[in-house]
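One-letter residues, chain by chain:
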Protein chains: 2
Amino acid sequence: MLNPFRKHPELIVHGAHPLNAEPPLPKLRDNYLTPQDLLYVRSHGDLPELDGEAHRVAVEGRVSRPLSLSLADVRALPPRTVRAVMQCAGNRRADMRGVRPVKGDPWAAGAIGCADWTGAPLAAVLEAAGAETGDGLHVAFTGADTCQPSDGGAHFGASIPMAKALDLDTIVAFAMNGEPLAVEHGFPLRIVAPGWAGVRSPKWLSTVTVQDRPSDAHQQAGDYKLFPPDMRPDTEDLSRGITIDAMPLNSAITEPAPGAEIKAGRVAVKGYAVATDRPIIRVDLSGDGGRTWVQATNEDHGDARWGWTFWHGTLDLPPGEHEICVRAWDAAGQTQPALPDDTWNFKGYLSAAWHRVRVTAA
Amino acid sequence: MLNPFRKHPELIVHGAHPLNAEPPLPKLRDNYLTPQDLLYVRSHGDLPELDGEAHRVAVEGRVSRPLSLSLADVRALPPRTVRAVMQCAGNRRADMRGVRPVKGDPWAAGAIGCADWTGAPLAAVLEAAGAETGDGLHVAFTGADTCQPSDGGAHFGASIPMAKALDLDTIVAFAMNGEPLAVEHGFPLRIVAPGWAGVRSPKWLSTVTVQDRPSDAHQQAGDYKLFPPDMRPDTEDLSRGITIDAMPLNSAITEPAPGAEIKAGRVAVKGYAVATDRPIIRVDLSGDGGRTWVQATNEDHGDARWGWTFWHGTLDLPPGEHEICVRAWDAAGQTQPALPDDTWNFKGYLSAAWHRVRVTAA
């Protein structure tokens, strides 16, 4: 049952060990549901090649019936399919580098994708284990992957609060778009915690622990925190970091590409927008760096609480250099900040300012 | 049972007919729960002085048992108290006037307040009436107030989608902070639709109609829409307006006051922040127009899904002129845009950029 790693030849590889790669943006925009081989890969160690029949997930901690679940056991539970965006907390980090240096891989806007994830609700697994489900509890996960020394060295670990664990849309997933998970996406089982940063959806799931505190693994306790803009690497103070869970309103231009030389006149612009669990109500496009705006057309994908929105529009661009910008609005009338500096933090997380692409029209 | 109008002498009155008034910001910040006589008043016509015993609310439309409810009937249902912010869609409109002209009263940051609202869940009223509750339905309200000709002339009317109507936190309220509603706040009964613009919480409630479309009253069909930034009064096109429901992330400085002359050194800054149904995770303060930031202290009010957050902090301000700014972050890692221009629209709604106060320190 081993599922071979099928890296798409066009993936942009930021690092091979561990493998961190994202798709070219035009490719990402080709399909509302991102194919597995085009979904960004974020890993913290070598990709574990697990045996889908032999692998077990331990469910333990504050449970009355500890479990050792096989893939077949999870498949035997009533399945649930959730259409959800998965994105890295560092998506669009590259845009922050122009402000001040940031740590971490320089993700463009491709560390994101949307898929139909199928699995068993985590709530059903917790119920089968007779888990306590009080408000102050957390559900901690570990993966079978061993992280690089710089990422804490131990097994990957993260946790979510009980309320998120009990949301029926949080699942123990065994399939992406109807296919078994690929090795790089967590075969045989991963968590999918919709709307939240990918770090809270561990891959190669090996333990699920109900406990009275967040995970003390490096990915929960020592990283993936939003630090204030006055902090630098040499003044890092974990107590001032806020755990990154839900991801903010964001949007990106997938075409034209940065630096593109295009034909002057009516220029087609395409991209995506996403807003945690809120619908996108409007997308604005500017051809002059945000001085004036026109509205893009949001494509209709039906209602998907955790999905993204594809949009397209046109700008009239005379010959010359132009800065194309996009900003989205969510159903609470919220829009994005204008400048990368507005959300800058030295770890480069939550980069969600207007996306800007400079082009030359001739 | 008539409840006399008790306007606080310090309210800032934007207009007397209809009455539109807001409290001074330091007063607003004195109490986490805004006293009735300090809550902003937004009205569209003369304040109806209704007889609390004789008044009836008709529940009609797609219902199997039309009702005519008295205040006593609503009080007889199992009560629910919801701690929720009420705010005008035009709160902070004044900040947009510096960009380009806007229509409407120049609200400062005081067209907002937070209270414990007590009433019966609207869902219970709908159930008692045997209402249809399908997804595509709307619940339309009218008030007993007759609007000014410029506001459509007819009775005030607005609607909410069925999903919002069935949220148990949406109530037919008869009390604010444990007191009967004051005349200016809707005596004897009003809707409270938490997290949404005040326009969706009609006062002096007189009809509740279950129907297959939004209300066609002026306040729903012809006003309270978010228009794009390229639209002007002479190009108004209702089809391009988006109905304003939920309100965005916002924050404001309540002290010091704009133009204040203060003592140089450590300066105390206070204010509020609010984020629809999300917790506020951090509030940043700047004494130099947003170049550098420090964090304010969020005060602990317990968990209130629809409440606001009071914060306080200090800035070190040398002698001279300074621009103090505040911006808040919500639990999805979302923050506010920097400039009033970033959300500008000619109706002046959803003014939610960083709040800026200029002071002189000596």
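Small disclaimer: the values here were computed from a predicted structure and weren't measured.

Moving on, we come to the environment of Ala221 of chain A. Residues and elements named next belong to chain A. Structurally, Ala221 is set in helix H5 (residues 218–221). The exposure class of Ala221 is partly exposed, given its relative accessible area of 33%. Sequence separation between Ala221 and Pro23 is 198 residues, and the spatial gap between their C-alpha atoms is 30 Å. Beyond its immediate chain neighbours, meaning those up to four positions away, Ala221 contacts Ser215, Asp216 and Leu238.

Attention shifts here to the pattern of salt bridges. Side-chain pairs of opposite charge can arise whenever the charged atoms involved come near each other. Tallied over the entire structure, the rule returns 42 salt bridges over all chains. For Asp330 of chain B, the salt bridge goes to Arg278 of chain B, with nearest N and O atoms at 3.0 Å. A residue pair is termed long-range when its members are at least 10 positions apart, and Asp330 of chain B in strand E23 (residues 320–330) and Arg278 of chain B in the loop between strand E18 (265–274) and strand E19 (280–286) qualify at 52 residues. Note on Arg278 of chain B: relative accessible area 13%, which makes it buried. Taken together, the shared-partner salt bridges in this structure form one network comprising Arg62, Glu132, Asp212 and Arg213 of chain A.

The next subject is the interface of chain B and chain A. Listed by partner, the interface residues are 34 residues for chain B and 34 residues for chain A. Summing both partners gives a buried area of about 2,600 Å² for chain B against chain A, and 53% of it is carried by carbon and sulfur. Where chain B packs against chain A, one counts 2 salt bridges. Across the pair Asp277 of chain A and Arg278 of chain B runs a salt bridge whose closest N-O atoms are separated by 3.7 Å. Only E19 and E23 of chain B provide two or more residues apiece to the side of chain B that touches chain A. If one sorts the elements of the side of chain B that touches chain A by residue count, E19 of chain B sits on top with 3 residues. Its residues assigned to classes, the side of chain B that touches chain A shows 19 nonpolar, 7 polar and 8 charged.

Residues and elements named next belong to chain A. Here the domain parsing of chain A yields domain 1 (12–243) and domain 2 (250–361). Each of domain 1 and domain 2 was reduced to a C-alpha centroid, and the two centroids are 27 Å apart. Across the contact, 44 residues belong to domain 1 and 37 residues belong to domain 2. Buried surface at the junction of domain 1 and domain 2, summed over both partners, amounts to about 3,600 Å²; 60% is from carbon and sulfur atoms. Of all residues in domain 1, Arg29, Tyr32 and Arg92 give up the largest surface area on contact with domain 2, accounting jointly for 24% of the area buried on that side. Where domain 1 touches domain 2, the interface holds 5 salt bridges. With a shortest N-O distance of 3.5 Å, Asp169 and Arg305 are connected by a salt bridge. Linking domain 1 with domain 2 are 21 residue pairs in polar contact (both at pLDDT 80 or more), by the criterion used here. Residue assignment for the side of domain 1 that touches domain 2 shows that the elements contributing at least two residues are helix H1 (25–28), strand E6 (80–87), strand E7 (112–121) and strand E14 (225–226).

Parameters at a glance
Residues numbered from 1 in each chain as written. Chains lettered and ligands numbered in written order. Predicted model: local features only at pLDDT ≥ 70, side-chain atom pairs only at ≥ 80, totals over all residues. Heavy atoms only, no water. Helix = DSSP H or I, 4+ residues; strand = E, 2+ residues; numbered from the N terminus. Buried < 20%, exposed > 50% of the residue type's maximum accessible area, 1.4 Å probe, protein only. Contact = heavy atoms within 4.5 Å. Salt bridge = Lys/Arg side-chain N within 4 Å of Asp/Glu carboxyl O. Buried area = accessible area lost by both parts, 1.4 Å probe. Nonpolar A, V, L, I, M, F, W, Y, C, P; charged D, E, K, R; others polar. Domains from an automatic or database assignment. Polar contact = N/O pair within 3.5 Å; in protein donor to acceptor, adjacent residues only side chain to side chain.

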